[in-house]
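Working through the structure, step by step
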Amino acid sequence: MAIKKIEVKRDLCIGAAPCVFAAGGVFELDAENKAVMKLKDGEKNSGPVEVGQLEDGTVNDDALRAAAEACPVKAVYLYDENGEQVYPQ
Ligand code: SF4
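A brief structural summary. Quantities reported herein were computed from a predicted structural model and do not represent experimental measurements.

Some remarks on the overall build of the protein
When its secondary structure is counted, the protein shows 2 helices and 7 strands. Order of helices (α) and strands (β) in the protein, N terminus to C terminus: β-α-β-β-β-β-α-β-β. In terms of overall dimensions, the protein is globule-like: its C-alpha atoms have a radius of gyration of 11 Å, near the 12 Å expected for 89 residues. Over its C-alpha atoms, taken along the principal directions, the protein stretches across nearly 30 × 30 × 20 Å. Going through the 89 residues of the protein one by one, you find that 26% of them count as buried. Across the protein, every contact between residues at least 6 apart in sequence was considered, and the portion connecting residues at least 24 apart equals 55%.

Following this line, the structure appears as structure tokens:
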């Protein structure tokens, strides 16, 4: 099951940063201490973004899932190609 889209729920994110440690090529904290994703076009936002938009073209499903699972407040949402939410379940 391929992960197609990622979103950080900013209202949930508490800036704890495990997602950044788990996948530093994808996530960083913004000025409000909320996680954003680094995109190819130089933009950074909390999404939802398509995996293909990510600056880090090497990231895989396992890394994205590990980052989402590392979040203590389950603020990282993952969706498959059908738009179905695959995490959190
Ligand atoms: S691990 Fe969760 S709470 Fe922490 S910065 Fe990432 S999304 Fe936000």
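Comments concerning the site of the ligand
Taken together, the neighbourhood of the ligand is formed by 13 residues, with Cys13, Ala16, Cys19, Ala35 and Cys71 sitting nearest. Here the residues of the shell around the ligand sort into 12 nonpolar, 1 polar and no charged.

Let's talk about the sheet that holds strand 3 (residues 35-38)
An order of 2-3-4 is seen for the 3 strands of this open sheet, with the pairing classed as antiparallel. Every interior strand has two partners, whereas the edge strands, strand 2 (27-29) and strand 4 (44-45), have only one. Pairing of strand 3 with strand 4 involves 2 bridges; the strand directions are antiparallel. If you follow Met37 over to strand 4, its bridge partner there is Asn45.

Examining the environment of Gln89
Mapped onto the elements of the fold, Gln89 is located in the segment after strand 7 (85-87). Remark: the alpha-carbon pair of Gln89 and Gly25, spanning 64 residues in sequence, is separated by 25 Å.

With respect to the pairing of strand 1 (residues 3-8)
Bridge count for strand 1 against strand 6 (residues 76-80) is 5 bridges, and the pairing is antiparallel. Among the inter-strand pairings, Glu7 is bridged to a residue of strand 6, identified as Tyr77. Note that strand 1 and strand 5 (residues 49-50) share 2 bridges and pair antiparallel. Paired with Lys5 across the bridge in strand 5 is Glu50.

About the thresholds
All residue numbers refer to positions counted from 1 along the written sequence of the respective chain. Totals for whole chains, interfaces and linings use every residue, but because this is a predicted model, local features are given only for residues with pLDDT of at least 70 and side-chain atom pairs only at 80 or more, for both listing and counting. Each helix is a run of H or I in the DSSP string that is no shorter than four residues. Each strand is a run of E no shorter than two, and both are numbered from the N terminus. For a compact globule the rule gives 2.2 Å times the number of residues to the power 0.38, and the radius of gyration it is set against comes from C-alpha atoms. Our exposure labels follow a C-beta count within 10 Å of each residue's own C-beta, placed from the backbone: buried means 20 or more other C-beta atoms, exposed means 12 or fewer, and partly exposed covers the counts in between. We call two residues in contact whenever the C-beta atoms placed from their backbones are within 7 Å. In this entry, near means the residue's backbone-placed C-beta atom lies within 6 Å of the molecule or strand. Polar here means any residue other than Ala, Val, Leu, Ile, Met, Phe, Trp, Tyr, Cys and Pro, which are nonpolar, and Asp, Glu, Lys and Arg, which are charged; Gly is therefore polar. Only when DSSP finds a minimum of two bridges between them are two strands counted as paired.

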